[in-house]
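The chain contents come next:
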Amino acid sequence: MAVAIRGARGGGSGGVGAGFRSFFSYRIFVSAMFSLLFIATATVLLTTRPSTTHQHSQRFRSGGNAYMHRTFVALNSDPLKTRLDLIYRQANDHITLVKAYAAYARKLKLDISRQLKMFDDLAKNFSDITSKPRYKSSLFETDGNLDEDVLRQFEKEVKDRVKFARLLIAESKENYDNQLKIQKLKDTIFAVRELLGKAKKNGAFASSIAAKTIPKSLHCLAMRLVGERISHPEKYKEDLPKSEFEDPDLYHYAIFSDNVIAVSVVVRSVVKNAEEPWKHVFHVVTDRMNLAAMKVWFKMRPVEGGAHVEVRALEDYKFMNSAYVPVLRQIESAKQRFYLEHKMENATKDGSNMKFRYLEHMSMLNHLRFYLPEMYPKLHKILFLDDDVVVQKDLTGLWKIDLSGKVNGAVETCFGSFHRFSQYLNFSHPLIRERFNPKACAWAYGMNIFDLDAWRREKCTETYHSWQNLNVDRALWKSGTLPPGLITFYSLTKSLDKSWHVLGLGYNPSISMDVINNAAVIHYNGNMKPWLDIAMNQYKNLWTKYVDNDMEFLQTCNFGV
């Protein structure tokens, strides 16, 4: 039993010692493994340091990833590396800033070539610092520690360039800001001009529509006058022609219009300012539609002072047919093309090329002025007046002017380079270029004294026909009656004193009242006619004072005069 107990004790003591020895051996083994692992890691780090340093240098020079750069600097554990990194980043940031300003300046298209060159040179100088052999070998390609003196010199050069870059940017910033504001202002002005151009075009179109459209009051007046004739036919029988209508010793006027009240104002203004009104004869020609209204007006409101008024229709002149008159042929041909093409709706949308405006300009009431000698074969002189004029003085002096063998007496409208032949005729066409002087002075229709005998002698109507036939495709001039008038009476026009005829009251608000008051005839040429709502108020009273306000139909039709 005793042996057994000892054996048991001895066996227990030997088992515990073996366990301790086994545990201690395991700790030694683990420690040995960790030591080997540390030695292996250190060996790897030491053997890979040169290549890592080289890679770091290359990444630094090429502006690589900042995070990786800081990691390598930390691994290299050289405090100068961190300082070099900060200097390089500062230089790189200013390179980017300088290039941005240069690109910004180019974008603005500014005339600052000197500054642009400075920006480019500065950016290049920043980049060239790292390429210097001294810095390249001592800072970026070395495997050992950095040279602090070289780094200090590198830092000084970088900071000098940074300082210069900041000064240049500060100096240029205000200029760039101002230039940017100027550029934006120019862009705004350009945009406003575009809008203004469109507004002017739309305004001109609307004004043209307003000027060409018959006002409701004027239409009402014509209807009332026609109604008066229908209601009292016995009062408005046709009168026999008066001998005064063909008397060459009297003062004869030609007025071609379809506007009743406008014609009445012209006649009344002439008569009220005439010293001998009974010697004045007015030849009014209108279209068939307005003939009755025109006759009734002058029957109901006879002209004062014994002046004579003849009212006729365009259709009464039998020679006015398409076989003889080129314009009439062209009107008929244009109308046929116009309706066959079915483009009326589209044509009215273009204010500069509207076919209906072309047809209106080709109206025979407008072109009738080229046939005065045939209309009044027994007369020697006649004064042509537009229906949008007002006479303020006695005009008999016009018949006493010696026209020196010329056909047309008119006021010239040119001043400087304005209103020359080149503005009305197409001088790129050889026929125009060879026959006329582009600098020749234009004159005004609206108040023209014509020597009908000289007209017949010079065969002006035939001249007009020949040129009108050549202009069938509108290659010589676009439209209107002034261009063919300039051609027909070229070198046959006598210039009159400007006080006889002042123009522009239908579009120019800046005409001097002294000039207007001194004028014998004032002309509301333009779209702002005095009988329209769009008339200029400062000139309207010069016209309204000759309106016959005692005419009962004017109040009935609500004429705002």
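Everything numeric here is computed off the predicted structure, so don't read it as measured data. (Residues numbered from 1 in each chain as written. Predicted model: local features only at pLDDT ≥ 70, side-chain atom pairs only at ≥ 80, totals over all residues. Heavy atoms only, no water.)

**Student:** Is there a simple way to think about the pairing of strand β3 (residues 308-313) in this case?
**Tutor:** Moving residue by residue along a regular strand, the side chains alternate between the two faces of the sheet. Within β3, five of the six residues are buried, leaving the element largely enclosed by the surrounding structure. By the bridge criterion, six bridges tie strand β2 (residues 280-286) to β3 in an arrangement that is parallel. Bridge pairing in β3 links His-283 to Glu-310. Handedness of the crossover joining β2 and β3 through helix α9 (residues 288-300): right-handed. (Buried < 20%, exposed > 50% of the residue type's maximum accessible area, 1.4 Å probe, protein only. Helix = DSSP H or I, 4+ residues; strand = E, 2+ residues; numbered from the N terminus. Pairing = 2+ DSSP bridges. Right-handed = clockwise from strand over helix to strand, strands pointing away.)

**Student:** Could you clarify how one ought to interpret the pattern of salt bridges in this entry?
**Tutor:** For side chains of opposite charge, pairing can occur when their charged atoms come near one another. All told, the structure shown has 14 salt bridges when counted by the stated rule. For Lys-295, the salt bridge goes to Glu-238, with nearest N and O atoms at 2.7 Å. Pair noted here: Lys-295 is in helix α9 and Glu-238 is in the loop between α7 (216-231) and β1 (251-256), with a separation of 57 residues, a long-range link. Between Asp-388 and Lys-529 there is a salt bridge whose closest N-O contact spans 2.5 Å. Pair noted here: Asp-388 is in the loop between β4 (381-385) and β5 (389-391) and Lys-529 is in the loop between β10 (521-523) and α20 (537-544), with a separation of 141 residues, a long-range link. For the pair formed by Asp-388 and Lys-529, the shared burial category is buried. By sharing partners, the salt bridges in this structure join Arg-268, Lys-272, Arg-301, Glu-304 and Asp-548 into a single network. (Salt bridge = Lys/Arg side-chain N within 4 Å of Asp/Glu carboxyl O.)

**Student:** Is there a simple way to think about the nonpolar core in this case?
**Tutor:** Burial of nonpolar side chains together is a common tendency in soluble globular proteins. Counting residues in each nonpolar core, the largest one holds 66 residues, and the members touching the most others are Leu-385 and Leu-395. When neighbours within four sequence positions are excluded, Leu-395 is seen to be in contact with Tyr-253, Leu-383, Trp-500, Ala-520 and Val-521. Core analysis: the next-biggest nonpolar cluster, separate from the first, contains 47 residues, Phe-319, Met-320, Val-325 and Val-327 among them. (Core = buried A, V, L, I, M, F, W, Y, C linked by side-chain atoms within 4.5 Å. Contact = heavy atoms within 4.5 Å.)

**Student:** Explanation requested: the confidence of the model for the protein in the structure shown.
**Tutor:** The predicted coordinates should not be examined in detail at positions where pLDDT is low. Summing up the model confidence of the protein, the mean pLDDT is 79 and the portion of residues at 70 or higher is 68%. Within the model, pLDDT remains below 50 along residues 48-75, and this stretch shows 33 contacts once partners closer than five positions in the same chain are excluded. Confidence over residues 347-358 falls short of pLDDT 50; this stretch has 22 contacts with residues more than four positions distant or in other chains. (pLDDT = per-residue confidence, 0-100.)

**Student:** Got a minute to help me understand the sheet that holds β4 in this structure?
**Tutor:** Whether parallel or antiparallel, the strands of a sheet pair through hydrogen bonds between backbone atoms. Taken in spatial order, the seven strands line up as β3-β2-β1-β4-β7-β6-β8 in an open sheet, and their pairing is mixed. The open sheet is flanked by β3 and β8 (493-495), the only strands paired with a single partner. Averaged over all pairs of adjacent strands, the angle between their axes in this sheet comes to 25°, without regard to strand direction. Summarising the sheet, β4 and strand β7 (residues 447-451) pair through five bridges and their orientation is antiparallel. (Axes fitted to C-alpha atoms, helices over the stretch in contact; angles between N-to-C directions.)

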